[in-house]
Amino acid sequence: MKKLCVLMISMLLFSACTSYKSQYVSFRPPEAYTNYREVNGVSMGGEAYPDADSAEKAFGFDIKGAGLLPVMLVFDNKSANNLELISGQTFLVDDGGNYWPVVPNNTAFDRLESSTQFASFFGKGAGKGAILGAAAGGILATAIGIASGKSVGEAVGKGVALGAAGGALIGGTQEGTSGEREHRISDDLRSKGLEGKPIPAGALANGFLFFPGEANSAKELRLQVRERESGQVHKVSLPLNTAKK
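Values in this document were obtained by computation on a predicted structure and should not be read as measured data.

Definitions and cut-offs
- Residues numbered from 1 in each chain as written.
- Predicted model: local features only at pLDDT ≥ 70, side-chain atom pairs only at ≥ 80, totals over all residues.
- Heavy atoms only, no water.
- Phe/Tyr/Trp six-rings, centres within 6.5 Å; stacked < 30°, edge-to-face > 60°.
- Salt bridge = Lys/Arg side-chain N within 4 Å of Asp/Glu carboxyl O.
- Helix = DSSP H or I, 4+ residues; strand = E, 2+ residues; numbered from the N terminus.
- Buried < 20%, exposed > 50% of the residue type's maximum accessible area, 1.4 Å probe, protein only.
- Core = buried A, V, L, I, M, F, W, Y, C linked by side-chain atoms within 4.5 Å.
- Contact = heavy atoms within 4.5 Å.
- Pairing = 2+ DSSP bridges.
- Axes fitted to C-alpha atoms, helices over the stretch in contact; angles between N-to-C directions.

Q: Explain the packing of aromatic side chains residue by residue, including any values.
A: All chains considered together, the criterion is met by three aromatic pairs. One aromatic cluster is present, built from ring pairs that chain together Tyr49, Phe208 and Phe210.

Q: Describe the pattern of salt bridges, and please don't skip the residues or the numbers.
A: The tally for this structure, following the rule as stated, stands at five salt bridges. The closest approach of N and O atoms between Glu31 and Lys78, which form a salt bridge, is 3.4 Å. Placement of the pair is Glu31 in the loop between α1 (2-16) and β1 (37-39) and Lys78 in the loop between β3 (68-77) and β4 (83-85), with a sequence separation of 47 residues. On the accessibility criterion, Lys78 (53% relative accessible area) is exposed. Two residues, Arg226 and Glu84, come together in a salt bridge whose shortest N-O distance is 2.8 Å.

Q: Before we move on, can you summarise the nonpolar core with the specific residues and values?
A: Counting residues in hydrophobic clusters, the biggest one holds 25 residues, and the most contacted among them are Val71, Leu73, Phe75, Leu92, Leu221 and Leu223. Sorting the residues of this core by element identifies β2 (42-48), β3, β4, β8 (204-212), β9 (220-227) and β10 (233-239) as the ones contributing at least two each. It is β3 that provides the largest number of residues to this core, a total of four residues. The residues contacting Phe75, other than those within four sequence positions of it, are Pro30, Val42, Ser43, Met44, Leu194, Ile199, Ala203, Leu204, Ala205 and Val225. Counting 16 residues, the second-largest nonpolar core is a separate cluster that includes Phe61, Ile63, Phe208 and Phe210.

Q: How would you sum up the sheet that holds β1? Please name residues and give values.
A: Read from one edge of the open sheet, four strands run β1-β2-β3-β8, paired in antiparallel fashion. The open sheet has two edge strands with one neighbour each: β1 and β8. For this sheet, the mean angle separating the axes of adjacent strands, direction not counted, is 25°. Across three bridges, the pairing between β1 and β2 is antiparallel. Each residue of the ladder has a partner; that of Glu38, found in β2, is Ser43.

Q: Summarise the environment of Pro30; cite the residues concerned and give the values.
A: With respect to the secondary-structure elements, Pro30 resides in the loop between α1 and β1. Separated by 44 residues in the primary sequence, Pro30 and Val74 have C-alpha atoms spaced 5.8 Å apart. Aside from chain neighbours lying at most four places away, what touches Pro30 is Tyr36, Ser43, Met44, Gly45, Val74, Phe75, Asp76 and Leu204.

Right, dumping it as structure tokens:
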């Protein structure tokens, strides 16, 4: 019985306190990708993460299951021009020929936060934390009662009262860390996202564009980049279903 209580406590605490860990994603020079393109002195290449496993390795959780399909892009801007991605004219094309627009970073986080996958993995707010905490507190108090030689009935009765205190403690911790965790995830998406970021002259830059997770495949990326100084726009097509070199 005591071993069972310890196991249940561990499971409940883990459920209430799952944390977010930012993942660092390696990349290669644009020339190392089979979809490599060069336009006016700017080299570019990249890859998509259309399935849950590859996306989870890149972000630390199943971002695809939470409603987003990430595409990594790498730019080597050897030109003398500062560039910007025109996200409103950049589209993911799936195997069926359907076009999917870029999901802006703020919308991407809102989509994550409201997804059932995100909620089941991280938990939502103080309410859930308090419920889990109360349960863990009750089990803990019951286990203490049994360990001290009390009968199961007696221990359970005392566990209810002591569980309320345990629940407040664990629930409060969940509430205090929830906002911090969400802030970290939001910052992580912004830091990894290419949307709205300049690509300076002479810079090697990489980052992600986010597309709706409803897209089940990623065949091609059709993007537009603008030279900030001249305003000249370049249209580029990057196939995404090719094997890596």
